Amino acid sequence: QKEVEQNSGPLSVPEGAIASLNCTYSDRGSQSFFWYRQYSGKSPELIMSIYSNGDKEDGRFTAQLNKASQYVSLLIRDSQPSDSATYLCAVNTGFQKLVFGTGTRLLVSP
Amino acid sequence: EPEVTQTPSHQVTQMGQEVILRCVPISNHLYFYWYRQILGQKVEFLVSFYNNEISEKSEIFDDQFSVERPDGSNFTLKIRSTKLEDSAMYFCASSGQRNTEAFFGQGTRLTVV
């Protein structure tokens, strides 16, 4: 069973702090990795994709991938209350489907 | 900005009835997907579709489910005889290339009573 693991949280950070979200995956053949944000009752919204080892930055978001450790992370700098949501890690194992983790709930307090 | 559109936003149906959930993927995308999310649980893959045929399907996607691209714009999911446990949010997604970013529609909340 190909698994994607995330801490369910909640992860609580004060406004302006860095939020660090982590994800591990079991299938070494995984090829592409995504972070989605999901507000309660809404659909997943893509915020980052990463395909190769290292860091990828987009605005306040940085995705980090370490294939040797089977580990993906998302850093959110200068966290805002509007960032409060559930963050879903999704992995593509080479077939045309995404395997999602259960998500980490992030709470940013003013 | 292009987006995936799903209709209806909410569907209530009686157990045993057939439902069709509709999706309009992003216009130049070639890969289409259905996912579902039972309340409080994770997003689960149902099926992927490319070049007018199913590419992958999960164990959930049994004989009660089918997908169709009836014309150049719509992508549908049919559940032939709904069960109570089919109650969930159903998300359609599309991507432009294989194994790249998938963009999700706003979802259809299916309630089976």
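As a starting point, this report considers the structure included with it.

Calculation notes
- Residues numbered from 1 in each chain as written.
- Chains lettered and ligands numbered in written order.
- Predicted model: local features only at pLDDT ≥ 70, side-chain atom pairs only at ≥ 80, totals over all residues.
- Heavy atoms only, no water.
- Pairing = 2+ DSSP bridges.
- Helix = DSSP H or I, 4+ residues; strand = E, 2+ residues; numbered from the N terminus.
- Axes fitted to C-alpha atoms, helices over the stretch in contact; angles between N-to-C directions.
- 1 Å grid on protein atoms, 1.4 Å probe; cavity = no way out; pocket = protein on both sides within 12 Å on 5 of 7 lines; lining within 4 Å.
- Points joined across faces, edges and corners; volume = space filled by probe spheres on them.
- Nonpolar A, V, L, I, M, F, W, Y, C, P; charged D, E, K, R; others polar.
- Core = buried A, V, L, I, M, F, W, Y, C linked by side-chain atoms within 4.5 Å.
- Buried < 20%, exposed > 50% of the residue type's maximum accessible area, 1.4 Å probe, protein only.
- Contact = heavy atoms within 4.5 Å.

### So, the sheet that holds strand β3 (residues 19-24) of chain B
Residue and element names in this part refer to chain B.
So, point 1. The 4 strands lie next to each other as β1-β3-β8-β7, forming an open sheet whose pairing is antiparallel. Strands with a single pairing partner mark the edges of an open sheet, and in this sheet they are β1 (5-7) and β7 (65-68). For this sheet, the mean angle separating the axes of adjacent strands, direction not counted, is 20 degrees.

### Let's talk about empty space enclosed by the protein
In this approach, a probe sized like a water molecule rolls over the atoms, and the result shows the empty space that is left.
So, point 1. Counted under the stated rule, the structure contains 2 cavities of 30 Å³ or more.
So, point 2. Here the largest cavity defines a volume of roughly 50 Å³.
So, point 3. Residue lining of the largest cavity: Asn92(A), Gln96(A), Lys97(A), Leu98(A), Tyr33(B), Tyr35(B), Asn99(B), Thr100(B) and Ala102(B), and that is the complete set.
So, point 4. Taken together, the residues of the lining of the largest cavity break down into 4 nonpolar, 4 polar and 1 charged.

### So, the sheet that holds strand β1 (residues 4-5) of chain A
So, point 1. In space, the 5 strands of this open sheet follow the order β1-β3-β8-β7-β6 (chain A), with antiparallel pairing throughout. Where the open sheet ends on each side, the last strands, each with one partner, are β1 and β6 (54-58) of chain A.

### Overview of the nonpolar core
So, point 1. With 24 residues, the main nonpolar core has Trp35(A), Val72(A), Leu74(A), Ile76(A) and Tyr87(A) as its most contacted residues.
So, point 2. For this core, the secondary structure elements donating two or more residues are β3 (19-25), β4 (32-38), β5 (45-50), β7 (61-66), β8 (71-76), β9 (85-92) and β11 (104-109) of chain A.
So, point 3. Not counting residues up to four positions away in its chain, the partners in contact with Ile76(A) are Ala17(A), Ile18(A), Ala19(A), Leu21(A), Arg60(A), Phe61(A), Asp83(A), Tyr87(A) and Leu106(A).
So, point 4. Cys23(B), Trp34(B), Tyr90(B) and Val112(B) belong to the second largest nonpolar core, which has 21 residues in total.

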